[in-house]
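These are the residues of each chain, in order.
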Amino acid sequence: MNRWLLIILLFMPLTAHAESSGMHGLMAIKSCIMANDSRLCHSFMTQSSYEIFDKFTFYKLMPCLPTNFVYESEQALGEQIIVKASMPADNKTNYIFRMVFVGKGEGIKLDLPETLHTGLGGNWRDKMNFAEQLFLMMRQNMQDKLTCDVIRDLARPPAKGK
């Protein structure tokens, strides 16, 4: 009996660290953002995601994208894998978000339109267009004062009780 326990304990680290498709996809996106490499990011996205993502690079906002997120869990939903991730919202809470991926294994790709649809609802395009127009207005008015920190503060969810 002790021999079986020893065998299980020896192989447990190998299985515990096996990377799921969703985790692989999330870490691939994180690494390309950290490398500030839009071509690399394209390789981890569906073609339908390029136009949306390219706006971030066109406006030079890629360094503003968060990279302090961590994988929480994932759920397969038909052909999609919904990855739940989190990042610090303030000192005491985490901001939870979901990213939608398609494919499997190393062929997994981020689907930005479906991610935005999941997070913002059916009128996500209108909300994204509004956010873009607001950004352009702020950039025109604030010029060099519109930094990534200002954008992150604007995008941060409000603290509870405020």
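Residues numbered from 1 in each chain as written. Predicted model: local features only at pLDDT ≥ 70, side-chain atom pairs only at ≥ 80, totals over all residues. Heavy atoms only, no water.

### Quick word on the confidence of the model for the protein chain
In step 1: Across the protein chain, pLDDT averages 84, with 83% of residues at or above 70.
In step 2: The element-level mean pLDDT for the protein chain is lowest in helix α1 (residues 2-16), coming to 41, with strand β4 (residues 109-110) highest at 96.
In step 3: Scored below 50 in pLDDT, residues 1-17 shows 0 contacts in the model against residues more than four places distant or in partner chains. (pLDDT = per-residue confidence, 0-100. Helix = DSSP H or I, 4+ residues; strand = E, 2+ residues; numbered from the N terminus. Contact = heavy atoms within 4.5 Å.)

### Observations regarding the pairing of strand β3 (residues 94-102)
In step 1: Two elements, strand β2 (residues 80-88) and β3, share 9 bridges in a ladder whose sense is antiparallel. Looking across to β3, one finds that S86 is bridged to I96.
In step 2: Taking the residues between adjacent antiparallel strands as the criterion, β2 and β3 are bridged by 5 residues.
In step 3: Bridge count between β3 and β4: 2 bridges; the pairing is antiparallel. Across the sheet, the residue bridging to F101 is L110, located in β4.
In step 4: If you look at the hairpin formed by β3 and β4, you'll find 6 residues sitting between the two strands, and G103 has a positive phi there, around 95 degrees. (Pairing = 2+ DSSP bridges.)

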